[in-house]
Amino acid sequence: MALNSRCRAFRTCKRVLERAFSLCKAHSIKDMENTLQLVRNIIPPLSSTKHKGQDGRIGVVGGCQEYTGAPYFAAISALKVGADLSHVFCTNAAAPVIKAYSPELIVHPVLDSPGAAHEVEKWLPRLHALVVGPGLGRDDALLENVKGILEASKARDIPVVIDADGLWLVAQQPALIQGYRKAVLTPNHMEFSRLYDAVFRGPVDSDDRHGSVLRLSQALGNVTVVQKGEHDILSDGQQVLVCSQEGSSRRCGGQGDLLSGSLGVLVHWALLAGPEKTNGSSPLLVAAFGACSLTRQCNHQAFQKHGRSTTTSDMIAEVGTAFSKLFET
Ligand SMILES: NC(=O)C1=CN([C@@H]2O[C@H](COP(=O)(O)OP(=O)(O)OC[C@H]3O[C@@H](n4cnc5c(N)ncnc54)[C@H](OP(=O)(O)O)[C@@H]3O)[C@@H](O)[C@H]2O)[C@@H](O)CC1
Ligand SMILES: Nc1ncnc2c1ncn2[C@@H]1O[C@H](COP(=O)(O)OP(=O)(O)OP(=O)(O)O)[C@@H](O)[C@H]1O
Ligand SMILES: [Mg+2]
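Conventions used here
- Residues numbered from 1 in each chain as written.
- Chains lettered and ligands numbered in written order.
- Predicted model: local features only at pLDDT ≥ 70, side-chain atom pairs only at ≥ 80, totals over all residues.
- Heavy atoms only, no water.
- Phe/Tyr/Trp six-rings, centres within 6.5 Å; stacked < 30°, edge-to-face > 60°.
- Helix = DSSP H or I, 4+ residues; strand = E, 2+ residues; numbered from the N terminus.
- Buried < 20%, exposed > 50% of the residue type's maximum accessible area, 1.4 Å probe, protein only.
- Lys NZ or Arg CZ within 6 Å of the ring centre and 35° of its normal.
- Contact = heavy atoms within 4.5 Å.
- Pairing = 2+ DSSP bridges.
- Axes fitted to C-alpha atoms, helices over the stretch in contact; angles between N-to-C directions.
- UniProt positions renumbered as here; feature names shortened; annotations may be inferred.
- Core = buried A, V, L, I, M, F, W, Y, C linked by side-chain atoms within 4.5 Å.
- Right-handed = clockwise from strand over helix to strand, strands pointing away.

Draft legend 1. Region of interest: the packing of aromatic side chains. One pass over the full model with this rule turns up six aromatic pairs. Aromatic pair Tyr 196 and Phe 200: ring centres 4.5 Å apart, planes at 45 degrees, arrangement tilted. One end of the pair, Tyr 196, and the other, Phe 200, are both in helix α7 (residues 189–200), four residues apart, so they sit about a helical turn from each other. Residue classification places Phe 200 among the partly exposed residues on the basis of a relative accessible area of 33%. Here Trp 269 and Phe 323 contribute two aromatic rings whose centre-to-centre distance is 6.4 Å and whose plane-to-plane angle is 85 degrees, an arrangement assigned as edge-to-face. Within this pair, whereas Trp 269 is found in helix α9 (residues 255–273), its partner Phe 323 is found in helix α12 (residues 319–327), the two being separated by 54 residues in sequence. With respect to burial, Trp 269 and Phe 323 carry one shared label: buried. Between the NZ or CZ atom of Arg 126 and the centre of the ring of Trp 123, over which it lies, the distance is 4.2 Å.

Okay, structure coming up:
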């Protein structure tokens, strides 16, 4: 082929690829916008006729000697997103530390007491959702208590978001949440591999992230699974959504805690709104998409201001404006 015709062929090929890429991008942006609209539909209006508690009473189960930041990040994020009350159920050693971070949280030092499950169960009738796992640690006695809390929550039909060491527990005993449609799992890369391996007795196919998330959700009886990463992949075993809201390259610890705490509130709002507000999509899937978008938008805004020194506290300071930008415009 002459040089000129080879150049022409190359330019044509480049144009085709560029068009395909821009169509694909436009399609995914349109999908994202449609799903964001569903998130907007589930947000309850602020109203002077409501009383304290109606917009959400959320419990976070986690916090031990080593980890006090994670449950704090989750619980304060729930409040900042719009819950009215946020409780933390943690160990005795973690409680004074978490209380000292914030006067806004209600902190119960019960998780390492012998009657831990019963102590938390007493509060369950007053809670709308539980976030289980941030900063929980992997102590067997604590995990046994958390098992009891999960069983009590299921018996009362309370939605549960399971993150971090809560996912460690689920990987040991998948039967704990098998078929519980009000559970949302929010694994990071490592936690997803652990869960997948526990359920399928084999490694994840890293070339098929969508299929892996879909299959894990189906195998667990359609619990909602949110695999966090460069793009977040979400599935309820029927639909697969991708959240690619722009974030940043800053990967400080605690961002997942912001996500799980926010999701606690959004799950409650989504279930109150029901599937008629989510256009037939699963309310929990829509809630999860909302929490992913919000976390990534907080990351983006915080990074604009603080660059490499961005921390999760900086992201939490952005929750109000990020929420307005995404959901109230
Ligand atoms: N301020 C606080 O109190 C905070 C406390 N936190 C609490 O800490 C507890 C343990 O949680 P966790 O996430 O550190 O535990 P885990 O599942 O063992 O993963 C760690 C290992 O996974 C790997 N890895 C991770 N991502 C990966 C990727 N994309 N791709 C590849 N590998 C990846 C990575 O491996 P490495 O790079 O070391 O080889 C790393 O060693 C839990 O309670 C949590 O809530 C946190 O919330 C943070 C803020
Ligand atoms: N490579 C990436 N690029 C952009 N955003 C990312 C990337 N990886 C994770 N995120 C985002 O960061 C948030 C937290 O995900 P991450 O995987 O860091 O969770 P985590 O490990 O559980 O965090 P934590 O430190 O709180 O335990 C999610 O909103 C996710 O979308
Ligand atoms: Mg985490």
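Draft legend 2. Local environment of helix α8 (residues 209–219). For α8, the set of buried residues is Gly 211, Ser 212, Val 213, Leu 216 and Ser 217. Buried-residue contacts for α8 involve α7, β7 (224–227) and β8 (232–235). Residue Gly 221 follows α8 closely and has a positive phi angle near 80 degrees.

Draft legend 3. Summary view of the sheet that holds strand β6 (residues 183–185). One open sheet accounts for nine strands, arranged β3-β2-β1-β4-β5-β6-β7-β8-β9; its pairing is mixed. Looking along the sheet, the strands with just one partner apiece sit at the ends: β3 (106–109) and β9 (240–243). When the angles between neighbouring strand axes are averaged without regard to direction, this sheet yields 20 degrees. Pairing of β6 with β7 involves two bridges; the strand directions are parallel. Counted as the bridge partner of Leu 185 is Val 225 from β7. Contacts from helix α5 (residues 140–155) reach β1 (57–61), β4 (129–132) and β5 (160–162) within the one sheet, and its direction differs from that of β4 by about 155 degrees.

Draft legend 4. Structural context of the UniProt feature "binding site: (6S)-NADPHX" (unreviewed entry) in the protein. Using the residue numbers shown here, the UniProt feature "binding site: (6S)-NADPHX" (unreviewed entry) corresponds to Gly 135, Asn 188, His 189, Met 190, Glu 191, Phe 192, Ser 193, Arg 194 and Asp 257. Within the secondary structure, Gly 135 is located in the loop between β4 and α5. Among all residues touching Gly 135, those that are not within four sequence positions of it are Gly 62, Gly 63, Cys 64, Tyr 67, Ala 70, Pro 71 and Asp 165. Judged by relative accessible area, which is 11%, Glu 191 ranks as buried. Beyond its immediate chain neighbours, meaning those up to four positions away, Glu 191 contacts Asp 163, Ala 164, Leu 167, Thr 186 and Lys 228.

Draft legend 5. Local environment of the nonpolar core. Counting residues in hydrophobic clusters, the biggest one holds 59 residues, and the most contacted among them are Leu 105, Leu 234, Leu 263, Phe 289, Leu 294 and Phe 327. It is helix α10 (residues 283–306) that provides the largest number of residues to this core, a total of eleven residues. If sequence neighbours within four positions are ignored, Leu 105 has contacts with Tyr 72, Ala 75, Ile 76, Leu 79, Ser 86, Val 88 and Ile 98. Leu 124, Val 132, Ile 158 and Leu 169 belong to the second largest nonpolar core, which has 39 residues in total.

Draft legend 6. Highlighting the pairing of β1. Burial runs high along β1: four of the five residues are buried. Bridge count for β1 against strand β2 (residues 85–90) is five bridges, and the pairing is parallel. For Gly 59, the partnering residue across the bridge sits in β2 and is His 87. This β-α-β element, β1 to helix α2 (residues 69–81) to β2, shows right-handed connectivity. Examined bridge by bridge, β1 and β4 share four bridges and lie parallel to one another. Of the residues in β4, the one forming a bridge with Ile 58 is Ala 129.

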